[in-house]
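# An overview of the molecular structure
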Amino acid sequence: MQHVYLDHASTTPLIEPVIQEMNTVMREHFGNASSIHHHGRQAKMLVENARKTIAQALGASIGEIFFCSSATEAHNMILTNSIKDLEVQRIISSPIEHHCIIHTLDHLASITDVEIVYLNVDKLGSVDLYQLEGLLTENKKNTLVSLMYVNNEIGNIIDISRVSEICTTNGALFHCDTVQGIGKLPLNVNDAPMAFLAGSAHKFNGPKGVGFFYMNGDNIISPMMYGGAQERNMRAGTENIIGITGMAVALEKAIEQKEERADHIKKLNRHMRTRLDELAEIVINGTNQIDNILSVSFPSNERVDMLMFNLDISRISASSGSACSSGIEHDSHVLQHIGHSKERKTIRFSFSHFNTIEEIDYVIEKLKKFTPVKKA
Ligand code: PLP
């Protein structure tokens, strides 16, 4: 067996049509989209076509889509400048958001007067939306609600229509980290209206270092970077035409093949769950999860303690649920918030349509070498 890649929530490989498109752009369209001559106009046209593709995919208008370098950049800008420009006084979020949200909020708490409130999360990782409703009805201060669509570690899906409705009813702005849901789950800003969302190409078989954000025309914020007038003054810096065109093709393909990919991934997920059942004392973290993410906790023993290493030398790439600081390994912030036992080792397996049933079987057979198997 070649290497098995089960870390698609971390990043995904480029698909062939994306490589082809990017190759063509690299070879033939090197112009600067801000130039008014032939080469510039060609580059500009590519950027605008990509914008149209992304806007259509989200039910947005083209004027509401902006390109940038990453979802991290977009989230930083949205959180920071909504305080400055939209007079946001309170941000309600959850403690299991991605670090690009949590660390930005920590920073904002240290330099502004904004109130940051984290919603309660239960042991399955469900965010308390009744609490959200309560907070918004009790206190009408200007609020931005920042909640992620799909949790990148445990795969929990949040009901974005409900969050959107709660926010709309109470006059709050909804900002959604949609990175792990884009191209996989329904996402249309007409069905679930929101003020902001952000996406990242490398999570849906596009290139790294390019992303986009949606900003609803009613809630305009100022840019984070100053310089040129690119992206209608919202994001200075010469456009990454190769990345932007690659991202649009990747999203187009993800949407075109959504059902087909989802069916295949569902089969992989069901198969892995069935086979994991052969192992003793394992726990699958989360609830209402997306099919491409399976977070599995294993009982501790000396081989499981080295599980990531053991999987790696078995030619399996997955992701650990731990972080390392000052040489001490500890559970990730997400696992800590769902009351995960420190004794256990957690591995996140994340699939794509490229994985096969044989690969899952191979992973299970390897896992059986490191963790106890149920007695027959
Ligand atoms: N949000 C979530 C849920 C993610 O999984 C990631 C990437 O790991 C990000 C945000 C950041 O995306 P980017 O790599 O574009 O900065």
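Structure first, text after, so check above.
Residues numbered from 1 in each chain as written. Predicted model: local features only at pLDDT ≥ 70, side-chain atom pairs only at ≥ 80, totals over all residues. Heavy atoms only, no water.

### Here's the deal with the site of the ligand
With respect to spatial proximity, 13 residues lie near the ligand, and among them Thr72, Asp177, Gln180, Ser200 and Lys203 are the closest. In the model, an oxygen atom of the ligand is placed 2.5 Å from a nitrogen or oxygen of the Thr72 side chain. Note that an oxygen atom of the ligand is positioned 2.8 Å from one of the side-chain N or O atoms of His202. Protein chains shield 87% of the accessible area of the ligand, which is 390 Å² for the free molecule. Considered class by class, the residues forming the shell around the ligand number four nonpolar, seven polar and two charged. (Near = heavy atom within 4 Å. Polar contact = N/O pair within 3.5 Å; in protein donor to acceptor, adjacent residues only side chain to side chain. Areas by Shrake-Rupley, 256 points an atom, 1.4 Å probe, with all protein chains shown as cover. Nonpolar A, V, L, I, M, F, W, Y, C, P; charged D, E, K, R; others polar.)

### Here's the deal with the packing of aromatic side chains
All told, the structure shown has one aromatic pair when counted by the stated rule. Both rings, one in Phe66 and one in Phe213, keep their centres 5.2 Å apart while their planes meet at 20°; by these two values the pair is stacked. In this pair, Phe66 sits in strand β2 (residues 65-68) while Phe213 sits in strand β8 (residues 211-215), placing the two residues 147 residues apart along the sequence. In this pair, the class of Phe66 matches that of Phe213, namely buried. In this structure, Arg162 packs its charged tip against the face of Tyr130, placed 4.8 Å from the ring centre. (Phe/Tyr/Trp six-rings, centres within 6.5 Å; stacked < 30°, edge-to-face > 60°. Helix = DSSP H or I, 4+ residues; strand = E, 2+ residues; numbered from the N terminus. Buried < 20%, exposed > 50% of the residue type's maximum accessible area, 1.4 Å probe, protein only. Lys NZ or Arg CZ within 6 Å of the ring centre and 35° of its normal.)

### A look at the nonpolar core
Formed by 63 residues in total, the largest nonpolar core has its most connected members in Leu132, Leu147, Met194 and Phe212. If you look at the next biggest cluster of nonpolar residues, it comprises 26 residues, including Met77, Ile78, Leu86 and Ala198. (Core = buried A, V, L, I, M, F, W, Y, C linked by side-chain atoms within 4.5 Å.)

### Quick look at the side chain of His340
Tracing the backbone through its elements, the reader meets His340 in the loop between α10 (333-337) and β15 (345-350). Those residues in contact with His340 that lie beyond four places of it in its chain are Asn285, Ser297, Asp331, Leu335 and Thr346. (Contact = heavy atoms within 4.5 Å.)

### Side note on a nonpolar patch on the surface
The grouping of Met306, Phe309 and Ile313 at the surface amounts to a nonpolar patch, some 320 Å² of accessible area in total. Turning to its location among the elements, Met306 is positioned in the loop between β10 (293-298) and α9 (307-313). Residue Met306 is classed as partly exposed on the basis of its relative accessible area of 43%. (Patch = residues over 30% accessible without salt bridge, like charges linked within 9 Å, V, L, I, M, F, W, Y side chains within 5 Å. Salt bridge = Lys/Arg side-chain N within 4 Å of Asp/Glu carboxyl O.)

### A word on unusual backbone geometry
Negative phi characterises most residues that are not glycine, and trans characterises most peptide bonds. The phi dihedral of Glu87 is positive, around 55°, even though this residue is not glycine. Mapped onto the elements, Glu87 comes out in the loop between α3 (71-85) and β3 (90-93). A relative accessible area of 58% places Glu87 in the exposed class. Phi angles above zero are rare outside glycine, and Asn205 is one such case at about 70°. Structurally, the position occupied by Asn205 is in the loop between β7 (196-200) and β8. For Asn205, a relative accessible area of 4% puts it in the buried group.

### A short note on the sheet that holds β8
An order of β2-β8-β7-β6-β5-β3-β4 is seen for the seven strands of this open sheet, with the pairing classed as mixed. The strands lining the two open edges of the sheet, one partner per strand, are β2 and β4 (115-118). Ignoring which end each strand starts from, the neighbouring axes of this sheet average 20° apart. Bridge count for β2 against β8 is four bridges, and the pairing is antiparallel. Bridge pairing in β8 links Phe66 to Phe213. Packed onto the sheet, α3 meets β2, β3, β5 (143-148), β6 (173-177), β7 and β8 and runs at close to 160° relative to β7. (Pairing = 2+ DSSP bridges. Axes fitted to C-alpha atoms, helices over the stretch in contact; angles between N-to-C directions.)

### Describing the pattern of salt bridges
Under the defined criterion, the tally for this structure stands at 17 salt bridges. Salt-bridge contacts for Asp85 lead to Lys84; the nearest nitrogen and oxygen are separated by 3.7 Å. One salt-bridge network, in which partners are shared between bridges, spans Arg275, Glu278, Asp361, Glu365 and Lys368.

### Some details on the packing of helix α8 (residues 258-276) against helix α11 (residues 357-370)
Across the interface, α8 lies against α11 with an axial gap of 10 Å and an inter-helix angle of 25°. The angle between the axes of α8 and α11 places the two elements in the roughly parallel class. In terms of crossing hand, the pair formed by α8 and α11 is right-handed. Within the contact between the two elements, α8 uses Lys267, Leu268, His271, Met272, Arg275 and Leu276 and α11 uses Ile357, Ile360, Asp361, Val363, Ile364, Glu365, Leu367 and Lys368. Its residues assigned to classes, the contact of α8 with α11 comprises eight nonpolar, one polar and five charged. (Parallel < 35°, antiparallel > 145°, perpendicular 65-115°, else oblique. Left-handed = near helix turned anticlockwise from the far one by under 90°.)

### Considerations on helix α1 (residues 16-28)
Between the first and last C-alpha of α1 there are 18 Å, a value that for 13 residues agrees with the 18 Å anticipated at 1.5 Å per step. All of the buried residues along α1 are Val18, Met22 and Val25. Along the long axis of α1, the arc covered by the buried residues comes to 60°, so they all point the same way. (Expected span 1.5 Å × (residues − 1). Arc of directions from axis to C-beta.)

### Side note on the environment of Ala248
Position of Ala248 relative to the elements: it lies in helix α7 (residues 241-256). On a C-alpha basis, the gap between Ala248 and Leu46 in space is 9.8 Å, while along the polypeptide they are 202 residues apart. Excluding anything up to four places from it in sequence, Ala248 contacts Ala50, Thr53 and Ile54.

### Considerations on the sheet that holds β10
Strand order in the open sheet made by the four strands is β9-β10-β15-β12, with antiparallel pairing throughout. Each of the sheet's edge strands pairs with one partner strand only, and the pair in question is β9 (283-285) and β12 (319-320). α8 rests against β9, β10 and β15 of the sheet, and its axis sits at about 10° to β10.

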